[in-house]
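# Per-entry structural report
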Amino acid sequence: MTAVDDRPAQTTEIGRDRRRKEDQRLITGRTRWTDNIQLNGMLHLAMVRSPFAHARITNIDTSAAKAATGIVDVLTGADLGESQGVCINAWAITTDQVTPAHVPMPADRVAFAGETVAVVVARSAAEARDAAELVEVDYEELPAALDLKEAAEDRVLAHPDLGTNKSALWRFDSAEAGTGSSVEEAIAQARTDGIVIEREYRQQRLIPAFMEPRSVVVDPTSEQITVWSATQIPHILRFALAASTGVPESKIRVIAPDVGGGFGGKLQQTPEEMIAFAVARRLGKPVKYTETRSESLLAAHHGRDQWQRLTLSATKDGRVTGLKVDLLADLGAYVALVGGGVPVLGAFMYNAIYKFPAYQFNCQTVLTNKTWTDAYRGAGRPEATYAIERLMDELAAEVGVDPLEIRERNWITHEEFPFTTVAGLEYDSGNYEAATARAKELFGYDALREEQRLRREAGDPVQLGIGVSTFTEMCGLAPSRVLGQLNYGAGGWEHASVRMLATGKVEVVTGASAHGQGHETAFSQIVADRLGVPFEDVEILHGDTQIASRGLDTYGSRSLVVGGEAVVQAVDKVIEKAKPIAAHLLEASVDDIEYAAGRFGVRGTDQGVTIQEVALATFAAHNMPDGIEPSLDADATFDPVNFNYPHGTHLCAVEVDTETGRVKMRKYTCVDDIGVIINPLIVSGQVHGGLVQGIAQALWEEAVYDDSGTLVSGSFVDYLLPTSADTISFDIDHTTSPATTNSLGAKGVGEAGTIASTPAVVNAVVDAVRHLGVNDIQMPCTPERVWRALQGAGSGGQTTEAAAPHFDPSTGMQGTVDRTDGAEQ
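This is a predicted model, so every value here is computed, not measured.

### With respect to the overall build of the chain
Per the secondary structure count, the chain includes 22 helices and 30 strands. Radius of gyration (C-alpha) of the chain: 28 Å, near the 28 Å computed for a compact globule of 825 residues. If you line up the chain on its principal axes, its C-alpha atoms span 85 × 75 × 50 Å. For the chain, buried positions account for 61% of its 825 residues. Long-range pairs, those at least 24 residues apart, make up 78% of the contacts in the chain between residues at least 6 apart in sequence. Carbon and sulfur atoms make up 49% of the accessible area of the chain, which amounts to about 29100 Å² in all.

Right under this line is the structure:
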């Protein structure tokens, strides 16, 4: 592993609250979203979408639409044929994974409500949308696989030609992997002389709901086809377009201009991008497609949607001995770009910060006739953290101790780092004790527990609940060898170039592609600090495959810890390239040259030249040392040897009205350890945004389908996103355990708030009413669900039916689960 660089800071940029460079143009309207792009002769597209979840297309009549004003053409899947390519799956999690062909616009059968069956091409977007209403499509409706558990039993097939809904069964067993002992033996032993807790949790389906709807512009009018897209992954999209259409990669340029959020929802090769690409090539004219908000909620990929069945074994005093996870994961109608890999990422995190000696994970991915699912902020890690943090609260209740005490009995102590977990990962650094102690202090934990006791004694109808979440995550999605072992279709490296201009300014080209994270600011601070130049003299270029020809884009909290480290290494190469030139200019030996704060000096003297002076001399090349090229520019590609492991302690207090079920947040405190912080202001923004998204899953958000497969939460009237009026102020702080996997000592932060906050809130809600007989409430914890749980408190307070079929991925056997306590019947 790379050792942490302990050189003293040369400037004050790292750790400084810098307002984002990007914001000035964003808030003054001087930006370019994809939908703002206008090209001469550009045509507009509108999609005709299926209203059925599963149906055979028997006829498409486009004549009325073609006769409408301003219409250039109306095309079907049969018209485009193979020219539209396919949407690829980059992560077949097993060698026998069942993967349905995902044609962007099918000609014969639709597999989810919202799938495109025809595209209208018009002079204006309004004319295209109007004409789309005139396309008449005849369907033969087919039975739809909608319920995840029933789909896992193949009661109805989402794709009849495949013969099954089961896509892949992915397993990990610590005894087989040599990372731990047998979980079955641990559970059997605990049934004799310890504690066994069995629970089933539901991860509801969520919608990323990014601020800017997806949009794509394709210009085929030159030798190189240019694609502008509101995407997180311009480099991966370029590869996917080339690989699936046969157009040479060198003939495709992809630009991600200013992108208004993504949260994983734009980590995709979308059918709409493929259709626009095919239509533009067919007509030889530029085309644009921008989805409506309703289309975004309906057809852009969704997230989560799992059933989690867990068995935890422990000694009688609450020391964990084993953990078994059986997971059903809904893929939707197709296996998306990452698809089944999302729950696999979570597989390594169910053990969390705890010293489990035995662990088993079984995940069955399942095809249904719903919108396809893929990465959503956290991608597998929030699901895992939710499950284990809920279980730890259950263990604390069983043992009769405070939830923080049960965690302390089982967590990895700071003296034990680096620590190899039962899942086989090596956590490089951390201090759970310090983060928890600071969080308790800020939160006023003991005082709130006392208030809770008094309210319970008084029989107050408004009860106080306190929730705990002590999390870690694997992020900085990167180690190419590890990804290869998991059968992922790409690497995890990142590339950067640093150019010293003759004027002394610095251009940095990064393969990371920003969509709201603040790359331009944070990377400028890193370069200014490392190179010793003014912050204002650094320009960051990104998001264009013609300018940044190499890169693997932005997701998984990897931009800073992978992309930022590539920038650091490129800067260091610039300095090393400049040293012999500086030595020549100073008439000194290279061995005597020192570099600090942007200046090369001769050891023991006051002689020196600045990096800007060396850059100008190199540009002129009038006085270069022999054998040295006249360039300071440098490239670097960084591929870390390990993931990155931020952690933290989140504490939440809620008030629950036991008469109405209403939940009101009272206080939220989090102390995260994300290593060395580059820009505290950006970090605060990331944490606050992440917290709100995680809290929203706990209390408000859920994508709901009716019995026919129609999305009934298809607008913001029914899909409840919180506003600032729905949330409270958060108290945030940090402890610092520098990462050892990059020279910055930094850890990821983009997903931390989302991962930790959901279980903290639900634990708080359950804690408020546990003494009334409730041990779980299915998310989101709406007033109705909380009220119903209280009414059914005698059966454990679950809000779902008493028993339902359950498919056990580890055995292939079907049983029933009593959802009040998770025990098999």
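### So, the packing of aromatic side chains
Inspection of the entire model under this criterion finds 14 aromatic pairs. Between F112 and Y334 the ring centres are 6.4 Å apart and the planes differ by 80°, which places this aromatic pair in the edge-to-face class. Separated by 222 residues along the polypeptide, F112 in the loop between β4 (109-110) and β5 (116-122) and Y334 in the loop between β14 (320-332) and α11 (341-347) bring together distant segments of the chain. Judged by its relative accessible area of 4%, Y334 is buried. Both rings, one in F172 and one in Y359, keep their centres 6.0 Å apart while their planes meet at 40°; by these two values the pair is tilted. Residue F172 is found in strand β7 (residues 166-173), and its partner Y359 is found in strand β15 (residues 359-367); the two are separated by 187 residues along the sequence.

### Overview of unusual backbone geometry
Residue P418 is bonded to the preceding F417 through a cis peptide linkage, with omega at -5°. A cis geometry characterises the amide bond from M779 onward to P780, with omega recorded as -10°. Counting through the fold element by element, P780 comes out in the loop between α21 (752-769) and α22 (783-791). Phi is positive for F263, which is not a glycine, with a value near 55°.

### Describing the sheet that holds β15
Hydrogen bonds along the backbone pair up the strands of a sheet, which may run parallel or antiparallel. On the basis of which strands lie adjacent, the open sheet formed by 5 strands has the order β7-β15-β14-β13-β8 and mixed pairing. Each end of this open sheet is capped by a strand with a single partner; those strands are β7 and β8 (195-206). Between one strand axis and the next, the sheet turns by 10° as a mean value, whatever way the strands run. Note: β8 against strand β13 (residues 303-314), 11 bridges, orientation antiparallel. Residue pairing in the sheet places V196 in a bridge with S313 of β13. Set on the sheet, helix α7 (residues 183-193) makes contact with β8, β13, β14 and β15; between it and β14 the angle comes to about 120°. Those strands touched by helix α12 (residues 381-399) are β8, β13 and β14, and its axis lies near 145° from that of β8.

### Here's the deal with the sheet that holds strand β26 (residues 647-657)
Pairing is mixed in the open sheet, where 4 strands are placed in the order β18-β26-β27-β28. The open sheet is flanked by β18 (462-472) and β28 (731-735), the only strands paired with a single partner. On average, each strand axis in the sheet is inclined to that of its neighbour by 15°, with strand direction left out of account. Here strand β27 (residues 663-673) pairs with β28 via 5 bridges, running parallel.

### Re the pattern of salt bridges
Tallied over the full model, the rule gives 61 salt bridges. Between D537 and K505 there is a salt bridge, with its nearest N and O atoms 2.9 Å apart. With a gap of 32 residues between them, D537 in the loop between α17 (519-531) and β21 (538-541) and K505 in the loop between β19 (494-500) and β20 (506-510) connect regions that are remote in the sequence. A relative accessible area of 16% places D537 in the buried class. Three or more residues are tied together by salt bridges with common partners; here these are R49, R214, E272, E291 and E295.

### Let's talk about the packing of helix α18 (residues 559-586) against helix α19 (residues 611-620)
Between α18 and α19, the shortest axis-to-axis distance is 10 Å and the interhelical angle comes to 90°. When the interaxial angle is binned, α18 and α19 end up roughly perpendicular. Contact residues: A578, I581, A582 and L585 in α18; I611, V614, A617 and T618 in α19. Partitioned by chemical class, the residues of the contact of α18 with α19 number 7 nonpolar, 1 polar and no charged.

### Section: the packing of α17 against α18
Where α17 contacts α18, the axes come no closer than 10 Å and their chain directions differ by 35°. The two elements α17 and α18 cross, and the hand of that crossing is right-handed. Of the residues in α18, those touching α17 at H519, F523, I526, V527, R530 and L531 are S559, L560, G563, G564, V567, V568, V571, D572, V574 and I575. In the contact of α17 with α18, the residues fall into 10 nonpolar, 4 polar and 2 charged.

### Here's the deal with the pairing of β27
Burial within β27 is extensive, with 8 of its 11 residues counted as buried. In this sheet, β27 lies alongside β26 in antiparallel orientation, the contact comprising 10 bridges. In the sheet register, L651 faces β27, and the bridge partner there is T669. In this antiparallel pair of consecutive strands, β26 and β27, the connection spans 5 residues, and G661 shows a positive phi of 85°. On the question of chirality, the crossover connecting β27 to the parallel β28 by way of helix α20 (residues 680-699) is right-handed.

### Some thoughts on the side chain of T116
Note that T116 resides in strand β5. A polar contact of 3.3 Å, which involves the side chain of T116, links it to the side chain of R49. Here T116 is in contact with M47, V48, R49, P104, M105, P106 and I275, once residues within four sequence places are set aside.

### Some remarks on the pairing of strand β11 (residues 252-255)
With 4 bridges connecting them, strand β10 (residues 225-229) and β11 associate as parallel partners. If you follow W228 over to β11, its bridge partner there is I255. One crossover worth recording links β10 to the parallel β11 by way of helix α8 (residues 234-245), and it is right-handed.

### As for helix α15 (residues 445-458)
Because an α-helix completes one turn every 3.6 residues, residues spaced three or four positions apart along the sequence face the same direction. For α15, with 14 residues, the first-to-last C-alpha span of 20 Å sits near the 20 Å given by 1.5 Å per residue. Among all positions of α15, only Y445, L448, R449, Q452 and R455 are buried. All buried residues of α15 lie within an arc of 120° about the axis, which places them on one face of the element. Opposite the buried face of α15, at more than 90 degrees from it, the exposed residues are D446, A447, E457 and A458.

Calculation notes
Residues numbered from 1 in each chain as written. Predicted model: local features only at pLDDT ≥ 70, side-chain atom pairs only at ≥ 80, totals over all residues. Heavy atoms only, no water. Helix = DSSP H or I, 4+ residues; strand = E, 2+ residues; numbered from the N terminus. Rg over C-alpha atoms; globule rule 2.2 N^0.38 Å. Buried < 20%, exposed > 50% of the residue type's maximum accessible area, 1.4 Å probe, protein only. Contact = heavy atoms within 4.5 Å. Areas by Shrake-Rupley, 256 points an atom, 1.4 Å probe, with all protein chains shown as cover. Phe/Tyr/Trp six-rings, centres within 6.5 Å; stacked < 30°, edge-to-face > 60°. Pairing = 2+ DSSP bridges. Axes fitted to C-alpha atoms, helices over the stretch in contact; angles between N-to-C directions. Salt bridge = Lys/Arg side-chain N within 4 Å of Asp/Glu carboxyl O. Parallel < 35°, antiparallel > 145°, perpendicular 65-115°, else oblique. Nonpolar A, V, L, I, M, F, W, Y, C, P; charged D, E, K, R; others polar. Left-handed = near helix turned anticlockwise from the far one by under 90°. Right-handed = clockwise from strand over helix to strand, strands pointing away. Polar contact = N/O pair within 3.5 Å; in protein donor to acceptor, adjacent residues only side chain to side chain. Expected span 1.5 Å × (residues − 1). Arc of directions from axis to C-beta.

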